[in-house]
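Observations on the three-dimensional arrangement
Below are the chains, spelled out letter by letter.
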Amino acid sequence: MAEDILLKHEHLVDELKQYLGTPKFDAIFKSKTASLTKPEQFLMKMEMTRLSQPVARFIDLRGLVTGQVKPYIHNNKQHFMDAMAVEVFEKAIKQHGGYTLAVYEAVMNTENNHRVLQKQAEKQLANPTLKKAQELPTEVIKFASYESRSEERMNYSIKITIDFNDKKNIAATTSDISLSGSKIKLSYKHNIKKGQLIALRLVGLEQDFELGLKSGIQYEVVAVEPSTAEYNYVRLKRTFIENNEAFDNFLSNFIHGNKRRYKVNLDNTLDAVVSKGYEQYYIPRVTSLFLFLSEKESILYPSISLTTENNIFIQRYFNDEMKISNLYCVLNHTRMTRLLEQESAVKEDYLYTFTHISGGKIYYYSATRSELNATPALAPLFFGFGSHKDSWQCFKIQVMPSHPEDSFIPLSLPNSAGKEVEKLNKPPSPRVEGIIKDVKYIVVLTSVSNAVEQKNYQQVSYDKSQLNQLKAFGHTKKKTPPYLEVVALEYVNLRSHKRYLYKTNTIVSLSDQKILGSTRDFSVMGLQIECEAPVPFKKGDIVHLAFPDLQKITKKHKLIDLKYEVMAISKSLTTLNLKAHRIADSAHIGVKFFDQLIEGNKDKLHACEESPKVPGLSTALRNMITKSVCQFPLYLHKDASHFSCGAIGYGLYPSPIHLLLHSFNLLNDKTTLDSILTIKQINQVITPAIKDHKRQDPPLAFTQVIYFDPRKNKIDEAIKSDCLLGDDYSSLKDKILLRVNSKIIFVTRLYISRTGRPDTDYLANELKYVSNYALHKAKNLQEALWSVAGVGDLVDITQEALNHLSLDPKAVKEMEQRKLRWVNRTR
């Protein structure tokens, strides 16, 4: 058999591969194969011809290797590879003169994949001195790293025999089996390698069924995974060389008929549910605004914005007097093109903005730190004048590649799991694909300004006679600005009662103050009111409501002096969100009235459905973001009254804090943040601040400063940190001053918000599938997700922060250079 001959001369094949593509290959081939028979020489030549064939295969190593995967473009086609794969790819391209099958196979067989990690983990299990790694308290959640299976696998142990090379009837057992593959347990004494072909006989089944396979079934070895000192796990895939439809139907029916008895292998689905569970908490709670840059006629422009209740304030900030977004002029083509010239995978800068009102119109002014550094004569003018404006803002801007194909993340279940799964495993609709087809980049815009920094900028002196020069940073209005599609993120509706649109007059009172207004919507337990004038109330106040028009339709209820608590107030101080104020379970006239009003008029009232304008668009955008996360997601779990860091997220683009963990080999399945965010900091700083925080409240800001000494080998000696409530870090100036000359410093803003219940709708199909075969595992997963009480996002603001501490510029510059060298060495 051809495969047997190639396996027999495997070392020779590997040796010839090294010369493939070189001018002397034919001579070398003739010399090296001189001792082979003519048929063997022919097969070797055919194998070399196969490897020399040009291919156009897409390489995506995300979630498959331990290295930091980055986008890599070759011949206008983007791949995702880590540094080792890129090195192998470029070397092989040079050798073979183009992208051939030999290049592809070389890249897909580098030794830093998860096979190696698993081997190392299994060695650690056998080594008592390394058991500490298993006790690490924090899960590492790799975003969008799960896979979709094409078919179900069943955990099934049965006696088999295998034949390979000259060995016959070697006893083994299956661990799991599917129509096209299997995992078997084989004694370590038998040396079997990846790529070998074997013949497998299901002797355990042949005792009860007539399979009609005298020569067995041919499989190819996919991987060999050491398990214990006695046996290895060998993963196999069928070659289907037998073309035996009767056996295929038998095996498919056998698995389907016995999967409840023997249990379906759920490893892949369990991993997906855990990852998706944490993902669904993160994006809705992020305080950063997600924007999508499209390219049309070689011009970049923001085309889509994905908003949540935590980031909508940024979207609204850029809306002018006509409610038209001015992001198209702030994130203009020239600025974005200049930013994209940076060599790093994630392009970063700081964006400073303010507005000026003239003739009832709002005009925007903006500049990046890079632009101001390039025009030092105008920088004091911009900072000094702009910072005196109430509209002054500082944003961190991060840009990374995105691709329309990232919009589709199929379920981790095979289509055979049910018609609903098959329906949901379809890519986005043509309408959605039409909207995202030109997207090239994702922009993450995070508001990082604070009052102390603004006051510092206000101390900058400038020449008022030069104010006209600010026109260089002003943005003119276009008559027909590009349309920005603002998409609200779809996630679980945490309201306990449905809201209904209805406008009726109301009077809001507090003490002796009375303000007229009207309702925008109401539910049984609360309502939203638009007031005619700004209110003097604050969140938490108990106000009294009266409904003069509604009083005309009821004599049963007195609709005056109804107590409601102020839950939220708009920035304009005119829109109030109110909740019925009840002491314990005492009756509330307003609740009774609105309950009866809704029950009796459901056919007339219009519910606030908040249905999406384009079905499926929010999900597609969410998927694209999930595949390009560049921040440091952090999850607080609650056990009784205690909070702990239960998990961190890890996206395609690692943040500097990820690199810190990576440098101490703490970025595998488990990690610890004990040096970066200590238990003491969580208990004494974070817990008191968030324990009474509600899900509806905006995120709380903390300052986390990390001091890192790369010369130390132990993490507890190399990393020290400080944590403060709020965004003012000036009290840490002396500590930073002492360390800036010898340590690497990271100043970060940690935004933490409380969570509600998990969005189980997002996981419904996979959770249901797990429940069918392992109810206890499904319950454990749900309990783990319900224990998440807070979601944090750690944003590096070092460059902006150190600028406000009056440090020696030379010392700061040298520290930044040390940091850059360390980052480049660690990636």
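Let me begin by describing the structure that accompanies this report. Please read all numbers here as calculations on a predicted model, not as lab measurements. (Residues numbered from 1 in each chain as written. Predicted model: local features only at pLDDT ≥ 70, side-chain atom pairs only at ≥ 80, totals over all residues. Heavy atoms only, no water.)

Here we come to the overall build of the protein. Broken down by element type, the protein carries 29 helices and 32 strands. Long-range contacts, defined here as pairs at least 24 residues apart, represent 71% of the contacts in the protein between residues at least 6 apart. For the protein, the computed accessible surface area is about 41,500 Å², with 51% contributed by carbon and sulfur atoms. (Helix = DSSP H or I, 4+ residues; strand = E, 2+ residues; numbered from the N terminus. Contact = heavy atoms within 4.5 Å. Areas by Shrake-Rupley, 256 points an atom, 1.4 Å probe, with all protein chains shown as cover.)

Counted under the stated rule, the structure contains five cavities of 30 Å³ or more. In this structure, the second largest cavity encloses a volume near 80 Å³. In terms of lining residues, the second largest cavity is bounded by Tyr 282, Val 286, Ser 288, Phe 290, Met 400, Ile 442, Val 444, Ile 625, Ser 628, Val 629, Cys 630 and Gln 631. Its residues assigned to classes, the lining of the second largest cavity shows nine nonpolar, three polar and no charged. (1 Å grid on protein atoms, 1.4 Å probe; cavity = no way out; pocket = protein on both sides within 12 Å on 5 of 7 lines; lining within 4 Å. Points joined across faces, edges and corners; volume = space filled by probe spheres on them. Nonpolar A, V, L, I, M, F, W, Y, C, P; charged D, E, K, R; others polar.)

Bringing the sheet that holds strand β30 (residues 719–725) into the picture now. Strand order in this open sheet of eight strands is β28-β3-β27-β26-β32-β31-β29-β30, and the pairing throughout is mixed. Bordering the open sheet on either side are β28 (670–671) and β30, each of which pairs with just one other strand. Bridging between strand β29 (residues 700–708) and β30 involves seven bridges; their strand directions are antiparallel. If you follow Gln 704 over to β30, its bridge partner there is Cys 723. (Pairing = 2+ DSSP bridges.)

Further remarks concern the packing of helix α3 (residues 25–32) against helix α4 (residues 38–51). Two numbers describe how α3 lies on α4: the axes approach to 11 Å, and their chain directions differ by 145°. Seen along the crossing, α3 lies across α4 with a hand that is right-handed. Across the interface between the two elements, Phe 25, Asp 26 and Phe 29 of α3 pack against Gln 41, Met 44, Lys 45 and Met 48 of α4. Considered class by class, the residues forming the contact of α3 with α4 number four nonpolar, one polar and two charged. (Axes fitted to C-alpha atoms, helices over the stretch in contact; angles between N-to-C directions. Left-handed = near helix turned anticlockwise from the far one by under 90°.)

So, on to the pairing of strand β31 (residues 744–754). Where burial is concerned, most of β31 is hidden: 11 out of the 11 residues are buried. Side-chain alternation along β31 places Ile 744, Phe 746, Thr 748, Leu 750, Ile 752 and Arg 754 on one buried face and Ile 745, Val 747, Arg 749, Tyr 751 and Ser 753 on a second face that is also buried. Examined bridge by bridge, β29 and β31 share nine bridges and lie antiparallel to one another. The residue bridging Thr 703 from the neighbouring strand is Arg 749, located in β31. Pairing analysis gives seven bridges linking β31 to strand β32 (residues 788–796), with the strands arranged antiparallel. Note on β32: the bridge partner recorded for Leu 750 is Leu 794. (Buried < 20%, exposed > 50% of the residue type's maximum accessible area, 1.4 Å probe, protein only.)

Pairing in this open sheet of seven strands is mixed, and the strands run β14-β13-β15-β16-β11-β12-β17 from one edge to the other. Each having just a single partner strand, β14 (361–368) and β17 (485–488) make up the two edges of the open sheet. Recorded for the sheet is a direction-independent mean angle of 30° between the axes of neighbouring strands. As paired elements, strand β15 (residues 393–401) and strand β16 (residues 439–447) share seven bridges and run antiparallel to each other. Bridge pairing in β16 links Val 399 to Val 443. Relative to strand β13 (residues 347–358), helix α15 (residues 379–386) is tilted by about 60°, and along the sheet it contacts β13 and β14.

Counting buried positions along strand β27 (residues 642–650) gives seven out of nine residues, so the element sits mostly inside the fold. Pairing between strand β3 (residues 138–142) and β27: four bridges, direction parallel. Note on β27: the bridge partner recorded for Lys 142 is Tyr 650. Bridge analysis of strand β26 (residues 632–639) against β27 gives six bridges, and the strand direction is antiparallel. Of the residues in β27, the one forming a bridge with Leu 634 is Ile 648.

Although it is not a glycine, Asn 169 adopts a positive phi angle of roughly 50°. Backbone geometry places Asn 665, a non-glycine residue, at a positive phi of 55°. Assignment of secondary structure puts Asn 665 in the loop between α22 (656–663) and β28. Exposure remark for Asn 665: the relative accessible area of 54% places this residue in the exposed category.

Another point: α3. Helical periodicity: at 3.6 residues per turn, an α-helix aligns residues three or four positions apart in one direction. Of all the residues in α3, the buried ones are Phe 25, Ile 28 and Phe 29. Relative to the axis of α3, the buried residues are bounded by an arc of 100° and lie together on one face. α3 presents Asp 26, Ala 27, Lys 30 and Ser 31 as exposed residues on the side facing more than 90 degrees away from its buried surface. (Arc of directions from axis to C-beta.)

Functional significance is not addressed by these values, which are geometric in nature.
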